[in-house]
Amino acid sequence: MRAGTSHQPSSQLDRAAQYLRMSTEHQQYSIANQSAAIALYAAAHNIGIVRAFVDEGKSGTTIKGRKGLQELLRVVESGTADFDQVLVYDVSRWGRFPDTDEAAHYEYLCKRAGITVHYCAEQFENDNSTTSNLLKALKRTMAAEYSRELSVKVSVGQRRLAAMGFWHGGPPPFGMVRQLVNSTGEPKLILKPGEWKNIDTDRVVLMPGPPDTVKTIQRAFDLYTKQRKNRHQIAEILNREKRFWGKTCWTVEKLQWLLTNPIYKGAYAYGKHQSKGHVINHLPREQWQIRERTFPGIISEKQWAKANEMIREEVKPLVDSEMLEGLRRLWKREGKLNQILINAARDIPSAVAYHKHFGGVNEAYKLIGYPLPRDYSFVGPIRTCRRMRDALCDQICEQVRAIGGTAERRPGPGVILINGNVAVRVTFSTGRVRPTYLTLWRLALGNQPTADILIIGRIQAPVPSVFDYYVIPAYSQIRGALHVRAESGAPFLQLYKFATLQSLIEAFGRCPLPEVS
């Protein structure tokens, strides 16, 4: 409770909602402790708590997954809130957002709706004074820095444990089980799916799993390295023998993962991926942390090395002219073409590879003069959108770099990483004429944000040209699919509509530091 504040009791209680957040289940700031402190504050300030919004076991660095805060903001923005204050234990419980402006934005949404946010354990009044705003900004920065430092310490600790040969995080790979060991390395028990260690000094290592899955793995490697079967044939054989991947059938992608995973020769590869915001980067093999002979191997190192050499030769970079020539040979040999024949042929890439290289198998058919079995003209608008999306992504990257920022294309359709920490996704929507002769555009926003900023360009028919753009940040909480008309629409969407992207691009410019004389 703050010092130096006193309130005279009145017969009418102010109505408030409390927001509670706890990151882990064994944290000193438990939900009960926060609720008790807020209750004392409410009693001293003549406030009645009418609702509670709770996020248990949720990180404060993002709003994603925090259903309590999302519901609070939804109620506030809908205008149906039956309270005019929100009580939070302290600034860090509101969030430890890396960008402190995000925490301020969510508080502003409440303020705009006439609802005040109070931080009960802080030593300042959240009254919009200069002192209050400075202290609040400092607290938010401290909360974000604490999270950043903790993330660094956790990463270092995880890498140290991985270097010692201990498995951590996630279920075991196919064919392996998690063995719990004590602090001296003595085995204790096999952890079942969903079970976790309950003693901090215990550790987890991997061991070969059930005999039938071990035999399936050995069978796959033998078919590939000894009998020289390709991955399509191996998948067909294993599925026919009912040697499944858990409860699912084998595919060429799963087999590539299996044949290249060093875990099956007993090595532990850690740090394959790096996440930043909504973007997950797949790191090259030379940046992995690999510890050889960590676990009992299912496959010998010699056989694993041979399989990897064959995989590298099989998935080597493809040349368009060679792919088309291989398709002509298959046409001449079989007298027809289809995706089944393409996938079964050993001397040409898969149908997926043709799709990625040429924008579709039918496009490859056209290039070699193969007659299409039906009219695929309806695919044209989809490809037009994809071409315009890629062109716009390149244009955004060039313009951001031109004003001093950084921008690069990332894996995934229309994904750009700007200034190293902002993920932007670009997509287009084509207008459709309804029976009432009214043109509507569908804005597909999804149920969960896939980037920090979503750009949707509306294409004007019949000439494929951009009508305008909707620039929607993830923190806007707009989800689902919306249909908008040419000139009108929901008033709240007008905030996100732009004729050009110039103002957005300028926001990513980096100002040079002034020279010190």
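Source: prediction; values computed, not measured.

J.: What is the right way to look at the overall build of the protein in this model?
T.: When its secondary structure is counted, the protein shows 16 helices and 20 strands. In the protein, buried positions account for 40% of the 517 residues. Long-range contacts, defined as pairs at least 24 residues apart, comprise 62% of the intrachain contacts of the protein with a sequence gap of at least 6. For the protein, the exposed area adds up to about 29,400 Å²; of that, 54% sits on carbon and sulfur atoms.

J.: Which parts of the structure should I look at to understand the environment of L367?
T.: Its location among the elements puts L367 in helix 13 (residues 361–368). Judged by relative accessible area, which is 51%, L367 ranks as exposed. Spatially, the C-alpha atom of L367 lies 7.7 Å from that of L324, the residues being 43 residues apart in sequence. Residue contacts for L367: discarding those within four places in its chain leaves L324, R328 and F358.

J.: Explain empty space enclosed by the protein here, please?
T.: The rolling of a water-molecule-sized probe over the atoms marks out the regions of remaining empty space. In the structure shown here, the tally under the stated rule is 1 cavity of 30 Å³ or more. Quantified by volume, the largest cavity comes out at close to 110 Å³. Looking at the largest cavity, it is lined by 13 residues, and the ones nearest its centre are L445, P449, L454, I472 and A474. Of all elements in the fold, only strand 17 (453–460) and strand 18 (465–473) reach the threshold of two or more residues within the lining of the largest cavity. Within the lining of the largest cavity, the residues separate by chemical class into 9 nonpolar, 2 polar and 2 charged.

J.: Would you take a moment to explain the pattern of salt bridges for this structure?
T.: Opposite charge on two side chains permits them to pair, given that their charged atoms come into close proximity. Applying the stated rule across the entire model yields 24 salt bridges. The salt bridge partner of E71 is R74, with a shortest N-O separation of 2.8 Å. Residue E71 and its partner R74 are both found in helix 2 (residues 67–78); the two are separated by 3 residues, about one turn of the helix. Residue class for R74 comes out partly exposed when judged on its relative accessible area of 46%. Two residues, R458 and D468, come together in a salt bridge whose shortest N-O distance is 2.7 Å. Here R458 is found in strand 17, whereas its partner D468 is found in strand 18, with 10 residues between them in sequence. Each of the two residues, R458 as well as D468, counts as buried.

J.: Could you clarify how one ought to interpret the sheet that holds strand 2 (residues 47–56) in this entry?
T.: In sheet architecture, strand pairing relies on hydrogen bonds along the backbone and comes in two forms, parallel and antiparallel. In spatial order, the strands read 2-1-3-4; together these 4 strands make up an open sheet with parallel pairing. Every interior strand has two partners, whereas the edge strands, strand 2 and strand 4 (116–119), have only one. Along the sheet, successive strands turn relative to each other by an average axial angle of 25°, direction set aside. Docked against the sheet, helix 2 engages strand 1 (14–22), strand 2 and strand 3 (85–88), running at close to 135° with respect to strand 2.

J.: Looking at this structure, how should I read the sheet that holds strand 6 (residues 187–191)?
T.: Spatially, 3 strands are ordered 6-5-7 in an open sheet, and the strand pairing comes out antiparallel. The open sheet terminates on both sides in strands that have one partner only, identified here as strand 6 and strand 7 (203–208). In this sheet, adjacent strand axes meet at a mean angle of 35° when their direction is disregarded.

J.: Please clarify how the pairing of strand 3 should be interpreted in this entry.
T.: Working note: regular strand, side chains alternate between the two faces of the sheet. Residues Q85 and L87 point to one face of strand 3 and V86 and V88 to the other, with burial holding for every one of them. Pairing geometry for strand 1 and strand 3, over 4 bridges, is parallel. Within strand 3, the residue paired with A17 across the bridge is V86. Looking at chain direction, strand 3 and strand 4 are connected through 4 bridges and run parallel. Bridge pairing links L87 to H118 in strand 4.

J.: Whenever I open this one, the side chain of K265 confuses me. Can you help?
T.: Its location among the elements puts K265 in the loop between helix 8 (252–260) and strand 8 (268–270). Among the polar contacts made by the side chain of K265, one reaches the side chain of E292 at a distance of 3.5 Å. Filtering out sequence-adjacent residues up to four positions away, K265 remains in contact with E292, G297, I299, E301 and W304.

Conventions used here
For every chain, the first residue of the written sequence is number 1, and numbering continues from 1 onward in sequence order. Two thresholds apply to this predicted model, a pLDDT of at least 70 for residue-level local features and 80 or more for giving and counting side-chain atom pairs, whereas whole-chain, interface and lining totals are computed over all residues. Hydrogens are left out, water is left out, and the side-chain values use all remaining heavy atoms of the structure. In DSSP terms, a helix is any run of H or I states spanning at least four residues, a strand is any run of E spanning at least two, and both are numbered starting from the N terminus. Burial classes: relative accessible area under 20% of the type maximum marks a residue as buried, over 50% as exposed, and values in between as partly exposed (1.4 Å probe, protein chains only). The contact criterion used is simple: two residues touch if any of their non-hydrogen atoms lie within 4.5 Å. A 1.4 Å probe and the Shrake-Rupley method give the accessible areas. Residues count as covered only by the protein chains that appear here. Put simply, the grid is 1 Å and covers the protein atoms alone, a cavity is a trapped set of points that fit a 1.4 Å probe, a pocket is an open set with protein on both sides within 12 Å along at least five of seven lines, and lining residues have an atom within 4 Å of a point. Grid points are joined across faces, edges and corners, and a volume is the space filled by probe spheres set on the points. Under this grouping Gly is polar, as are all residues other than the nonpolar Ala, Val, Leu, Ile, Met, Phe, Trp, Tyr, Cys and Pro and the charged Asp, Glu, Lys and Arg. Here, a salt bridge means any side-chain nitrogen of Lys or Arg that lies within 4 Å of a carboxyl oxygen of Asp or Glu. DSSP-based pairing: two strands are paired if at least 2 bridges between them are found. All axes are obtained by fitting lines to C-alpha atoms, using only the stretch in contact for helices, and the reported angles, taken between N-to-C directions, cover 0 to 180 degrees. Distance and chemistry together define a polar contact, namely a pair of N or O atoms within 3.5 Å, with one atom able to donate a hydrogen and the other to accept it when in protein, and with adjacent residues in sequence counting only for side-chain atoms on both sides.

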